[in-house]
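Commentary on secondary and tertiary structure
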Amino acid sequence: MNHKSLIKVGVSFATLAGFALFSNQAKASMSPSSSQPTTDMADLSSYQSALSASDYQNLANNGVKAVTIKATEGTGYINPYLGQQVKYAQQAGLSINFYHFVHFTSKSAAVAEAQNFINAVQKVTTSKNVVMVADFESSELGSLSKSANDANLAAFDQTLNQAGYSKTDLYTMSSWLGVKIDTNSQNKGWIANWPYSPTGNKYPNANAWQWASDYRFPGSKVDLDVSKLTNDYYLGSVSDSTSSSNNDSNSNSNSNSNSNSNNGNDGTAVIVPGPSEPTNQYSSSRSQSVKLVWRTSMKRHAFYTTKGARYSKHLGTRYDYNKNLPNVTWYTDAHEKLYKKNTGNYAIYYHVRSNDNAHGGWIWRGYLTSGVNPNQK
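About the criteria used
Residues numbered from 1 in each chain as written. Predicted model: local features only at pLDDT ≥ 70, side-chain atom pairs only at ≥ 80, totals over all residues. Heavy atoms only, no water. Helix = DSSP H or I, 4+ residues; strand = E, 2+ residues; numbered from the N terminus. Contact = heavy atoms within 4.5 Å. Buried < 20%, exposed > 50% of the residue type's maximum accessible area, 1.4 Å probe, protein only. Polar contact = N/O pair within 3.5 Å; in protein donor to acceptor, adjacent residues only side chain to side chain. Pairing = 2+ DSSP bridges. Core = buried A, V, L, I, M, F, W, Y, C linked by side-chain atoms within 4.5 Å. Salt bridge = Lys/Arg side-chain N within 4 Å of Asp/Glu carboxyl O. Phe/Tyr/Trp six-rings, centres within 6.5 Å; stacked < 30°, edge-to-face > 60°. Lys NZ or Arg CZ within 6 Å of the ring centre and 35° of its normal. Right-handed = clockwise from strand over helix to strand, strands pointing away. Expected span 1.5 Å × (residues − 1). pLDDT = per-residue confidence, 0-100. Axes fitted to C-alpha atoms, helices over the stretch in contact; angles between N-to-C directions. Parallel < 35°, antiparallel > 145°, perpendicular 65-115°, else oblique. Left-handed = near helix turned anticlockwise from the far one by under 90°. Nonpolar A, V, L, I, M, F, W, Y, C, P; charged D, E, K, R; others polar.

Some points on the environment of Lys299
- Tracing the backbone through its elements, the reader meets Lys299 in the loop between β11 (290–297) and β12 (302–304).
- The spacing of Lys299 and Ala334 is 35 residues in sequence and 7.5 Å in space, taken between C-alpha atoms.

See the structure below:
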């Protein structure tokens, strides 16, 4: 998942997708092939905020049936583009689900994080027929026993269930499955495993298999995490009737004068739209000018800078200039080595996040100064 606090490259993404990375093999964006698994579902976060309504329609036109969108992380972060992304997915007729990037290491923390998740999702939809996923890959979870993680996840799910969300699932990397966390009858699993040449179905007993973090759909300029669905568990939100959707919207109208009724038939009533003009900037030439040599996780170190900008993993999307956040301390969780085709040189980029997880991206190592920002407020 691209931006799952670490890039799973993810979610991913994460990627993520932190985001603990799954592969360090160099490879270009993956293009469609008849031998590949199906691309039934894509997962999205604020890192994909530049995608337009037509981009979502392009996903639907190319076989995507569902999206799972990052709603929250920890107890303090909410995806600022969540409402916009739900709206665009709804307009494209995609089934809509949500994920939360987990940091909890106790039952009480699990309950608190679940409540943050619930609060965010309730701001963008009144439907309860969505899958609520625990994105389980952050490095601190690896230091706990499997039994502790299982118990904490049970407390997280119980809080969701008590709020009316009966459909939950567990996203994790294949290397952690049965070692650091278990699937069960309630959480059959959404398993991340990215073979160099994916075929078939590696996890037929799970709900979904995420088989790529760098898939590029025809007509698209960005890489996405894609998954094969083994059943219809993630497709539930498109089966709600129009009348059910309208009832949901109407029941909320008295409590939120800014709510938007759902004009579709997927039972997902958008309440809070996201920003209409994302500030992200995409450059195809910049993305194609570099080649990945390796990418892997790294320990948490503090840095600060006002130089350069923060980018997506292949530098295609520029998220923001670092001068616009002069008082932030950046904390690392991954790094990558890129080959620059136009100069023949190599460059190391660090993936960083602000302490509140509200901002992040890849920054060239040469722009970073070690230590806590002396101007941090």
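Having seen the model, we can carry on.
Some details on the environment of Tyr339
- As for its placement among the helices and strands, Tyr339 is situated in strand β15 (residues 330–340).
- Considered as a pair, Tyr339 and Ser289 are 50 residues apart in the sequence and their alpha carbons are 8.4 Å apart.
- Residue contacts for Tyr339: discarding those within four places in its chain leaves Ser289, Val290, Lys291, Val293, Gly344, Asn345 and Tyr346.

Describing the environment of Trp209
- Mapped onto the fold, Trp209 is located in strand β8 (residues 208–215).
- Judged by its relative accessible area of 0%, Trp209 falls in the buried class.
- For the pair Trp209 and Asn193, spaced 16 residues apart in sequence, the C-alpha separation works out to 7.3 Å.
- Engagement of the side chain of Trp209 in a polar contact is seen with the backbone oxygen of Asn193, the distance being 2.8 Å.

Here's the deal with the pairing of strand β14 (residues 317–321)
- Across three bridges, strand β13 (residues 309–311) lies against β14 in antiparallel orientation. Bridge pairing in β14 places Ala309 opposite Tyr321.
- As consecutive antiparallel partners, β13 and β14 are separated by five residues, and within that stretch Leu315 has a phi angle of approximately 70°, a positive value.

Section: the nonpolar core
- Phe98 and Phe156 are the most contacted members of the largest nonpolar core, which has 50 residues in total.
- Residue contributions to this core peak at six residues, all from helix α3 (residues 107–122).
- In this structure, Tyr99, Val131, Tyr233 and Tyr234 belong to the second largest nonpolar core, which totals 13 residues.

Overview of the pattern of salt bridges
- Overall, the coordinates contain eight salt bridges when judged by the stated rule.
- For Asp40, the salt bridge goes to Lys65, with nearest N and O atoms at 3.9 Å. Placement of Asp40 in the segment before β1 (41–44) and of Lys65 in the loop between α1 (53–61) and β2 (66–73) is noted, with a sequence separation of 25 residues between them.
- Given the relative accessible area of 7%, Asp40 is considered buried.
- Here Arg353 and Glu73 are joined by a salt bridge, their closest N and O atoms 2.8 Å apart. Of the two residues, Arg353 sits in strand β16 (residues 345–354) while Glu73 sits in strand β2, which places them 280 residues apart along the sequence. The pair formed by Arg353 and Glu73 is uniform in burial state, with each residue classed as buried.

Description of the packing of aromatic side chains
- Evaluated as defined, the whole model comprises 14 aromatic pairs.
- Consider the rings of Tyr233 and Tyr234, whose centres lie 5.9 Å apart with planes at 80°: the pair is edge-to-face. No difference in accessibility class separates Tyr233 from Tyr234, as the two residues are buried.
- Pairwise contacts between aromatic rings join Tyr171, Trp190, Tyr233 and Tyr234 into one cluster.
- Sitting above the plane of the Tyr233 ring, Lys167 keeps its charged end 5.0 Å from the centroid.
- In this arrangement the basic side chain of Arg300 is found over the ring face of Tyr331, its NZ or CZ atom lying 3.9 Å from the centre.

Let's talk about the pairing of strand β4 (residues 95–101)
- In terms of burial, β4 is a largely internal element, seven of the seven residues being buried.
- What you see with β4 is no split at all: Ser95, Asn97, Tyr99 and Phe101 on one side and Ile96, Phe98 and His100 on the other are buried throughout.
- In terms of strand pairing, β2 meets β4 through seven bridges, oriented parallel. Within the sheet, the bridge partner assigned to Thr68 lies in β4 and is Asn97.
- In terms of strand pairing, β4 meets strand β5 (residues 132–135) through four bridges, oriented parallel. Residue pairing in the sheet places Tyr99 in a bridge with Val133 of β5.
- Handedness of the crossover is the feature at issue here: the chain leaves β4, passes through α3, returns alongside β5, and the resulting connection is right-handed.

Here's the deal with α3
- In a regular helix each residue adds 1.5 Å, so 16 residues correspond to 22 Å; α3 covers 22 Å between its end C-alpha atoms and thus fits that length.
- When we look at burial in α3, the residues that qualify are Ala110, Glu113, Ala114, Asn116, Phe117, Ile118, Ala120 and Val121.
- Here the buried face of α3 lies against β2, β3 (77–78), α2 (82–91), β4, β5 and α4 (146–162).

Re the confidence of the model for the protein chain
- Confidence along the protein chain averages 81 in pLDDT terms, with 79% of residues attaining 70 or more.
- Looking at the elements of the protein chain, mean pLDDT is at its lowest for helix α5 (residues 242–253), recorded as 30, and at its highest for β5, recorded as 98.
- In the model, residues 2–28 has pLDDT below 50 throughout and makes 190 contacts with residues more than four positions away in sequence or in other chains.
- Considering only residues more than four positions removed or in separate chains, one finds that residues 239–279, a stretch of pLDDT under 50, has 81 contacts.

Re the packing of α1 against α2
- At their nearest, the axes of α1 and α2 sit 8 Å apart, and the two run at 50° to each other. Relative to α2, α1 is oriented oblique. Seen along the crossing, α1 lies across α2 with a hand that is right-handed. Seen from α1, the contacting residues are Ala53, Tyr56 and Gln57; seen from α2, they are Gln85, Tyr88, Ala89 and Gln91.
- Split into classes, the residues belonging to the contact of α1 with α2 amount to four nonpolar, three polar and no charged.

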